[in-house]
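Reading the structure
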Amino acid sequence: AQSVAQPEDQVNVAEGNPLTVKCTYSVSGNPYLFWYVQYPNRGLQFLLKYITGDNLVKGSYGFEAEFNKSQTSFHLKKPSALVSDSALYFCAVRPYGNNRLAFGKGNQVVVIP
Amino acid sequence: DTEVTQTPKHLVMGMTNKKSLKCEQHMGHRAMYWYKQKAKKPPELMFVYSYEKLSINESVPSRFSPECPNSSLLNLHLHALQPEDSALYLCASSQESLADSYEQYFGPGTRLTVT
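Computed from a prediction, not measured in an experiment: that's the story for all the values here.

Our focus in this paragraph is the nonpolar core. A:L19, A:W35, A:L47, A:L48, A:F74, A:L76 and A:Y89 are the most contacted members of the largest nonpolar core, which has 29 residues in total. Elements represented by at least two residues in this core include exactly β2 (10–14), β3 (19–21), β5 (31–38), β6 (44–50), β8 (64–68), β9 (73–78), β10 (87–95) and β12 (107–112) of chain A. In this view, A:F74 contacts A:C23, A:L33, A:F34, A:W35, A:L48, A:K49, A:Y50, A:A65, A:E66 and A:F67; residues no more than four positions away in its chain are not counted. Judged by nonpolar contacts, the second largest core, of 23 residues, contains B:V4, B:L11, B:M27 and B:L74.

Okay, here's the thing in structure tokens:
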């Protein structure tokens with residue numbers, strides 16, 4: 001069975017500083033990895049995904065993520081955080097041949113002005 | 001257009017009521033999903049439709065009844081719900097559920113309160 005770990009409950013970062021949200025996964029076979037963001041009282045918005053190829057994936061709103069197979073990690077990054085990036089971030093994994101998306105518990109990101 | 005729409009935005013219902021949630025997408029997606037989400041928690045998969053056929057039911061109680069009238073519409077019929085069913089109900093769609101690389105697009109959700 002697949003699983004996703006987001007070890008931190010909340011990430012606090014000052015505006016303008018780099019933002020990192022951590023994600024590790026456990027899955028048999030090659031994974032497809034996703035990041036979603038959820039603003040208050042809204043649905044989830046797709047940010048980016050890793051399928052294959054380049055380990056550095058660029059997505060929406062200046063976010064990027066680095067896939068590391070040896071560490072089974074897929075950390076989300078943004079070079080310079082904005083107050084508007086404050087939201088709930090979910091990492092998700094979907095193993096090949098399985099159409100269930102497994103979500104991590106979510107990380108609340110708070111960007112301090 | 002990557003929009004999934006859901007109606008109503010908010011719903012308050014008693015435990016003896018019957019109501020329906022509606023979801024619509026016009027992206028040509030052939031897979032549609034219902035999720036339940038409690039506050040600050042990840043979404044929990046309830047049902048998956050692929051090519052208008054129910055492909056996954058995650059052991060959801062029968063008081064929740066999904067329906068997919070056509071490839072663009074997805075309904076969730078509610079009857080005799082319990083207070084613990086109060087949650088945000090999210091609809092999502094993707095190009096093809098068997099092609100695992102496709103991302104899901106989510107609607108804004110229906111906030112359901114059962115009194």
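On to the interface of chain B and chain A, then. A common measure of how large an interface is: the accessible area buried when the components associate. Taken together, the contact pairs 23 residues of chain B with 25 residues of chain A. Around 1,900 Å² of area is buried between chain B and chain A when both sides are counted, 52% of it from carbon and sulfur atoms. For the pair chain B and chain A, the number of links is two salt bridges. In this structure, B:E103 and A:K49 form a salt bridge, with 2.6 Å as the shortest nitrogen-oxygen distance. One can count seven residue pairs in polar contact (both at pLDDT 80 or more) joining chain B with chain A. Of all the elements in the fold, those that place two or more residues in the side of chain B that touches chain A are β4 (31–37) and β9 (87–94) of chain B. Sort the elements by how many residues they give to the side of chain B that touches chain A and β4(B) lands first, with three residues. In terms of residue class, the side of chain B that touches chain A is made up of 12 nonpolar, five polar and six charged.

Quick look at the side chain of A:N107 now. Along the polypeptide, A:N107 turns up in strand β12. Residue contacts for A:N107: discarding those within four places in its chain leaves A:Q6, A:E8, A:D9, A:Q10, A:V21, A:K22, A:A87, A:L88 and A:Y89.

Before going further, it helps to examine the state of the cysteines. Residue and element names in this part refer to chain A. A full pass over the atoms with the stated rule returns two disulfides over all chains. With its sulfur 2.0 Å from that of its partner, C23 forms a disulfide with C91. Negative torsions about the S-S bond denote left-handed disulfides, and the value of about -65° found for C23 with C91 makes this one left-handed. Taken together, the positions of C23 in the loop between β3 and β4 (24–26) and C91 in strand β10 put the pair 68 residues apart, joining distant regions of the chain. Considered together, C23 and C91 belong to a single accessibility category, that of buried residues.

Time to look at the pattern of salt bridges. With the rule as written, the count across this model stands at eight salt bridges over all chains. The partner of A:R100 in a salt bridge is B:E58, and the shortest N-O contact between them spans 3.0 Å. Here A:R100, found in the loop between β10 and β11 (102–103), pairs with B:E58, found in the loop between β6 (53–57) and β7 (64–70), and the two come from separate chains. A relative accessible area of 31% means that B:E58 is categorised as partly exposed. Salt-bridge contacts for B:D85 lead to B:R63; the nearest nitrogen and oxygen are separated by 2.7 Å. With B:D85 in the loop between β8 (73–79) and β9 and B:R63 in the loop between β6 and β7, the pair connects residues that are 22 residues apart, well separated along the chain. Take B:R63: its relative accessible area is 23%, and that puts it in the partly exposed class.

About the criteria used
Counting of residues starts from 1 at the beginning of each chain's written sequence and follows it residue by residue. As a convention, the first chain written is A and the first ligand written is 1, with the rest following in written order. Owing to the predicted nature of the model, reporting of local features is limited to residues with pLDDT of at least 70; listing and counting of side-chain atom pairs is limited to 80 or more, with chain, interface and lining totals taken over all residues. Note that water and hydrogens are dropped before the side-chain values are worked out from all heavy atoms of the structure. Put simply, a nonpolar core is a bunch of buried Ala, Val, Leu, Ile, Met, Phe, Trp, Tyr and Cys residues held in one set by side-chain atoms that sit within 4.5 Å of each other. For every residue, the accessible area obtained with a 1.4 Å probe (protein chains only) is divided by the maximum for its type, and the residue is called buried under 20%, exposed over 50%, and partly exposed between those limits. Secondary structure elements follow DSSP: runs of H or I no shorter than four residues count as helices, runs of E no shorter than two count as strands, and numbering proceeds from the N terminus. Any two residues whose heavy atoms approach within 4.5 Å are treated as being in contact. The term buried area denotes the loss of accessible surface (1.4 Å probe radius) that occurs when two parts are joined, taken as the sum for both partners. We define a salt bridge as a contact between a side-chain nitrogen of Lys or Arg and a carboxyl oxygen of Asp or Glu at a distance within 4 Å. Any pair of nitrogen or oxygen atoms within 3.5 Å is treated as a polar contact; in protein, a donor-acceptor pairing is required on top of that, and neighbouring residues in sequence qualify only through side-chain atoms on both sides. Classes in brief: Ala, Val, Leu, Ile, Met, Phe, Trp, Tyr, Cys and Pro nonpolar; Asp, Glu, Lys and Arg charged; the others, Gly included, polar. Cysteine sulfur atoms are paired as a disulfide whenever they fall within 2.5 Å.

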